[in-house]
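Structure assessment
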Amino acid sequence: QVQLVESGGGLVQPGGSLRLSCAASGMIFGIYFKNWYRQAPGKQRELVASIISGGSTNYGDSVKGRFTISRDNTKNTVYLQMNSLKPEDTAVYYCNYRASSSTGWVDYWGQGTQVTVSS
(Lines give C-alpha, C1' and ligand atoms only; values in the text may rest on other atoms or scores of the structure.)
Protein backbone atom coordinates (compact mmCIF):
# COMPACT_ATOMS: atom_id res chain seq x y z
CA GLN A 1 0.00 0.00 0.00
CA VAL A 2 1.34 3.40 -0.96
CA GLN A 3 1.70 6.01 1.77
CA LEU A 4 2.95 9.57 1.68
CA VAL A 5 3.78 11.03 5.08
CA GLU A 6 4.50 14.72 5.51
CA SER A 7 6.43 16.21 8.41
CA GLY A 8 8.12 19.45 9.36
CA GLY A 9 5.18 21.78 9.76
CA GLY A 10 4.70 24.05 12.73
CA LEU A 11 4.48 27.60 13.97
CA VAL A 12 7.05 30.09 12.73
CA GLN A 13 7.41 33.85 12.89
CA PRO A 14 7.22 35.97 9.74
CA GLY A 15 10.55 35.92 7.95
CA GLY A 16 11.41 32.51 9.34
CA SER A 17 12.04 29.21 7.61
CA LEU A 18 10.71 25.68 7.66
CA ARG A 19 11.56 22.54 5.74
CA LEU A 20 8.79 20.11 4.94
CA SER A 21 9.49 16.48 4.13
CA CYS A 22 7.36 13.91 2.35
CA ALA A 23 8.44 10.31 2.75
CA ALA A 24 6.94 7.72 0.43
CA SER A 25 6.54 4.05 1.21
CA GLY A 26 5.32 1.30 -1.05
CA MET A 27 5.97 0.88 -4.73
CA ILE A 28 4.71 3.56 -7.10
CA PHE A 29 5.39 3.12 -10.78
CA GLY A 30 5.25 5.78 -13.43
CA ILE A 31 5.64 8.79 -11.15
CA TYR A 32 5.89 11.89 -13.29
CA PHE A 33 5.17 14.74 -10.88
CA LYS A 34 6.04 15.19 -7.23
CA ASN A 35 4.13 18.19 -5.96
CA TRP A 36 3.46 20.29 -2.91
CA TYR A 37 0.00 21.83 -2.61
CA ARG A 38 -1.45 23.98 0.12
CA GLN A 39 -4.92 24.89 1.28
CA ALA A 40 -5.74 27.81 3.50
CA PRO A 41 -9.10 28.06 5.32
CA GLY A 42 -11.86 29.07 2.95
CA LYS A 43 -9.61 28.85 -0.09
CA GLN A 44 -9.07 26.34 -2.86
CA ARG A 45 -6.11 24.02 -2.81
CA GLU A 46 -3.29 25.54 -4.81
CA LEU A 47 -0.15 24.13 -6.35
CA VAL A 48 2.95 25.45 -4.60
CA ALA A 49 5.80 23.62 -6.29
CA SER A 50 6.47 20.70 -8.61
CA ILE A 51 9.44 18.58 -9.50
CA ILE A 52 9.15 16.55 -12.65
CA SER A 53 10.75 13.16 -13.24
CA GLY A 54 13.58 14.68 -15.24
CA GLY A 55 14.39 17.05 -12.40
CA SER A 56 12.98 20.35 -13.63
CA THR A 57 11.00 22.40 -11.16
CA ASN A 58 8.08 24.82 -11.24
CA TYR A 59 6.73 27.18 -8.60
CA GLY A 60 3.60 29.12 -7.94
CA ASP A 61 4.01 32.86 -8.44
CA SER A 62 3.44 33.61 -4.77
CA VAL A 63 6.39 31.48 -3.62
CA LYS A 64 8.96 31.99 -6.39
CA GLY A 65 12.31 32.98 -4.98
CA ARG A 66 11.34 31.91 -1.45
CA PHE A 67 10.54 28.20 -1.68
CA THR A 68 12.65 25.39 -3.10
CA ILE A 69 11.50 21.88 -3.92
CA SER A 70 14.02 19.06 -3.98
CA ARG A 71 14.12 15.29 -3.79
CA ASP A 72 16.30 12.48 -2.54
CA ASN A 73 15.47 9.42 -4.60
CA THR A 74 17.61 7.20 -2.36
CA LYS A 75 15.32 8.05 0.54
CA ASN A 76 12.08 8.25 -1.48
CA THR A 77 11.62 11.71 -0.03
CA VAL A 78 10.71 15.09 -1.44
CA TYR A 79 11.37 18.33 0.42
CA LEU A 80 10.03 21.85 0.43
CA GLN A 81 12.40 24.45 1.85
CA MET A 82 10.40 27.53 2.76
CA ASN A 83 12.22 30.77 3.49
CA SER A 84 11.08 34.32 4.16
CA LEU A 85 7.74 33.01 5.30
CA LYS A 86 4.75 35.35 5.34
CA PRO A 87 1.46 35.13 7.22
CA GLU A 88 -0.27 34.41 3.92
CA ASP A 89 1.75 31.19 3.64
CA THR A 90 -0.32 29.81 6.52
CA ALA A 91 -2.08 26.68 5.27
CA VAL A 92 -2.16 22.92 5.39
CA TYR A 93 0.54 21.66 3.05
CA TYR A 94 -0.02 18.42 1.16
CA CYS A 95 2.39 16.19 -0.66
CA ASN A 96 1.13 14.75 -3.94
CA TYR A 97 2.59 12.20 -6.32
CA ARG A 98 1.03 11.97 -9.77
CA ALA A 99 1.75 8.84 -11.74
CA SER A 100 0.80 7.77 -15.22
CA SER A 101 -1.03 4.53 -15.77
CA SER A 102 -2.76 2.73 -18.60
CA THR A 103 -6.02 4.38 -17.55
CA GLY A 104 -4.69 7.88 -17.01
CA TRP A 105 -3.19 9.88 -14.16
CA VAL A 106 -3.27 8.45 -10.64
CA ASP A 107 -2.89 10.78 -7.65
CA TYR A 108 -1.47 9.86 -4.25
CA TRP A 109 -1.87 12.26 -1.32
CA GLY A 110 -0.40 12.66 2.11
CA GLN A 111 -2.45 13.61 5.15
CA GLY A 112 -1.16 17.17 5.25
CA THR A 113 0.94 19.17 7.69
CA GLN A 114 -0.05 22.51 9.19
CA VAL A 115 2.16 25.53 8.66
CA THR A 116 1.29 28.64 10.65
CA VAL A 117 3.17 31.89 10.14
CA SER A 118 2.40 34.32 12.92
CA SER A 119 4.09 36.62 15.38
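For the structure itself, look to the data block above.
Residues numbered from 1 in each chain as written. Predicted model: local features only at pLDDT ≥ 70, side-chain atom pairs only at ≥ 80, totals over all residues. Heavy atoms only, no water.

1. Focus: the pattern of salt bridges
Inspection of the entire model under this criterion finds 5 salt bridges. The partner of Asp-89 in a salt bridge is Arg-66, and the shortest N-O contact between them spans 2.7 Å. Here Asp-89, found in the loop between β8 (77–82) and β9 (91–101), pairs with Arg-66, found in the loop between β6 (57–59) and β7 (67–72); they are 23 residues apart in sequence, far enough to count as distant. Just as Asp-89 is buried, Arg-66 falls in that class too. It is possible to trace a salt-bridge network through shared partners that takes in Arg-38, Glu-46, Arg-66 and Asp-89. (Salt bridge = Lys/Arg side-chain N within 4 Å of Asp/Glu carboxyl O. Helix = DSSP H or I, 4+ residues; strand = E, 2+ residues; numbered from the N terminus. Buried < 20%, exposed > 50% of the residue type's maximum accessible area, 1.4 Å probe, protein only.)

2. Examining the side chain of Asn-96
Among the structural elements, Asn-96 can be located in strand β9. Here Asp-107 takes part through its side chain, which lies 3.2 Å from a polar atom of the side chain of Asn-96. Within the local environment of Asn-96, its side chain forms a polar contact with the backbone oxygen of Tyr-108, the two atoms lying 3.2 Å apart. (Polar contact = N/O pair within 3.5 Å; in protein donor to acceptor, adjacent residues only side chain to side chain.)

3. Some points on the packing of aromatic side chains
Throughout the structure, instances matching the rule amount to 5 aromatic pairs. Centre to centre, the rings of Tyr-32 and Phe-33 are 4.8 Å apart; their planes meet at 80°, and the pair counts as edge-to-face. Members of the aromatic cluster, connected to one another through ring pairs, are Tyr-32, Phe-33 and Trp-105. Directly above the ring of Tyr-94 sits Arg-45, whose terminal nitrogen or CZ lies 3.9 Å from the centroid. Over the ring of Trp-109 we find Arg-45; its NZ or CZ atom is 4.7 Å from the centre of that ring. (Phe/Tyr/Trp six-rings, centres within 6.5 Å; stacked < 30°, edge-to-face > 60°. Lys NZ or Arg CZ within 6 Å of the ring centre and 35° of its normal.)

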